[in-house]
Amino acid sequence: MFLPNISFIFLSGVVYSFSTTAKARFKARVFAITPYFCHMLEDKNQEKTTLESLGEFGLIDHLTKDFPINHESTIKGIGDDAAVLDFKDKKTIVTTDLLVEGVHFDLSYMPLKHLGYKAVMVNLSDIYAMNAKATQITVSIAVSNRFPLEALEELYEGIALAAKVHKVDVVGGDTTSSRTGMLISITALGEAVSEEIVYRSGAKPNDLLVVTGDLGGAYMGFQVLEREKEVFKVNPNSQPDLEPYSYIVERQLKPEARQDIVALLKSLDVHPTSMIDISDGLSSEILHLCKNSNVGCNLYEDKIPLDPTVISSCEEFKLDSTLVALSGGEDYELLFTIDQKEFPKIKGNPNLTVVGHTTDMNEGAFLISRNNSKIPLTAQGWNSFAKA
């Protein structure tokens, strides 16, 4: 049977309860999605196309037939034994992520179109963290026989939209069967002039620590969805009112990689000395930068950017908002360092917040609390190998 969990039906609340305010924040990026699983619950007699009926190559042809080529660097995309790319005098940036059902995503509240979009964002975020331009992706999936063709079409609609929004070419991938649900592996490629690439290792003592956007929203969206999932198990007739949480739910289900920041820094003539994307929590990422750059840091608690919805939901769930920002993860914002001389260039910019500064390595890494106490920073971010 294709439907793994009847709790898919509560997702109709996610689709239709996004507030006008939340939509405005992602204007021109937000898309409304009715999960395929909800349609199936509404019409159990709807015909489904089995993957077996298409075969592997028929499935690949069907899912990839409409992907356009946008970049001159793509000489040959899908349709041969391998893609052919030519980046000429630029450096090639490559990153890969693997997403596993039950570990990285829960299909009881993650619509497949959102999942496809998010899977691409996870990878593009790494490209942007190198101060590079994303150009191509490959997409590989493994699925069990509970997924019909129509479900994969939903997944690839999200992938296609992400590729369109971020102007990347889908140039290859693979499909195979799975006995354990769904797995998605995406490889992203990008290009950059050698001298513009930013590594984790370039920070110097007394550089400023800067973050984009706000933090903690994705984790609190996850908390809301997990709570409503449990409520639904007890009362399948309940439909949650997610409108008060629309911003943080969207931060969890459909994050947006910060392509705009690469362009913004260039327009401001700002030169990051180091950079990393915030996927596992602010504390983990700061410690990565410190380790790779051989520096310490002071992070100021009162400077960490938090959306009002994050603050209110933390109060509701009795969670510390600072800890959520430090350890929650999946925000896919960027953390970078700049020389203090460049501060006037970013001062007052609504996209950027200075949250601290680097120090000599022997001074250590600390959170400076609101009462001016120094608390050692520890990496408590998400760990896929942690025991449930």
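A brief structural summary. (Residues numbered from 1 in each chain as written. Predicted model: local features only at pLDDT ≥ 70, side-chain atom pairs only at ≥ 80, totals over all residues. Heavy atoms only, no water.)

### Considering the overall build of the chain
Counting its secondary structure elements, the chain contains 13 helices and 13 strands. Taken over 388 residues, the chain has a buried fraction of 53%. Looking at the chain alone, contacts between residues at least 24 apart form 87% of all its contacts between residues at least 6 apart. Surface summary for the chain: the accessible area is close to 18,100 Å², and the carbon and sulfur share equals 50%. (Helix = DSSP H or I, 4+ residues; strand = E, 2+ residues; numbered from the N terminus. Buried < 20%, exposed > 50% of the residue type's maximum accessible area, 1.4 Å probe, protein only. Contact = heavy atoms within 4.5 Å. Areas by Shrake-Rupley, 256 points an atom, 1.4 Å probe, with all protein chains shown as cover.)

### Let's talk about the pairing of strand 5 (residues 169-177)
As paired strands, strand 4 (residues 133-143) and strand 5 are joined by eight bridges and run parallel to one another. When the bridges of strand 5 are listed, T138 appears paired with G172. With helix 6 (residues 149-165) bridging strand 4 and the parallel strand 5, this β-α-β connection has right-handed handedness. (Pairing = 2+ DSSP bridges. Right-handed = clockwise from strand over helix to strand, strands pointing away.)

### Concerning the sheet that holds strand 5
The strand order across the open sheet built from four strands is 3-6-4-5, with neighbouring strands paired in mixed fashion. Every other strand in the sheet has two partners, leaving strand 3 (91-100) and strand 5 as the edge strands with one partner each. Direction aside, the axes of adjacent strands within the sheet are offset by 15 degrees on average. Lying over the sheet, helix 5 (residues 112-129) contacts strand 3, strand 4 and strand 6 (183-192), oriented at roughly 35 degrees with respect to strand 6. (Axes fitted to C-alpha atoms, helices over the stretch in contact; angles between N-to-C directions.)

### Considering the pattern of salt bridges
For the coordinates displayed, the defined rule picks out 17 salt bridges. Among the salt bridges present, the one from E228 reaches R227, with a minimum N-O distance of 3.2 Å. Where R251 meets E333, a salt bridge forms, and the shortest distance between an N and an O atom there is 3.0 Å. Placement of R251 in helix 8 (residues 246-253) and of E333 in strand 10 (residues 333-338) is noted, with a sequence separation of 82 residues between them. Taking relative accessible area as the criterion, R251 reaches 6% and is therefore assigned buried. Residue E333 is classed as buried on the basis of its relative accessible area, which comes to 2%. Each of the salt bridges in this network shares a partner with another, and the network as a whole consists of D214, R251, R258, D260, D331 and E333. (Salt bridge = Lys/Arg side-chain N within 4 Å of Asp/Glu carboxyl O.)

### Some words on the environment of I368
With respect to the helices, strands and loops of the structure, I368 is situated in strand 12 (residues 365-368). Judged by relative accessible area, which is 7%, I368 ranks as buried. Considered as a pair, I368 and L299 are 69 residues apart in the sequence and their alpha carbons are 5.9 Å apart. Excluding its chain neighbours within four sequence positions, the residues that come into contact with I368 are N298, L299, Y300, E301, S373 and K374.

### Focus on the packing of helix 5 against helix 6
Running from N to C, helix 5 and helix 6 cross one another at 40 degrees; their axes reach a closest spacing of 7 Å. Taken together, the axes of helix 5 and helix 6 lie oblique to each other. As for the relative orientation of helix 5 and helix 6, their crossing is right-handed in sense. On helix 6, the residues touching L112, K113, L115, G116, Y117, V120 and M121 of helix 5 are A151, E154, L155, E157, G158, I159, L161, A162 and V165. Tallied by class, residues from the contact of helix 5 with helix 6 come to 11 nonpolar, two polar and three charged. (Parallel < 35°, antiparallel > 145°, perpendicular 65-115°, else oblique. Left-handed = near helix turned anticlockwise from the far one by under 90°. Nonpolar A, V, L, I, M, F, W, Y, C, P; charged D, E, K, R; others polar.)

Remember that the coordinates give geometry; whether it matters functionally is a separate question.
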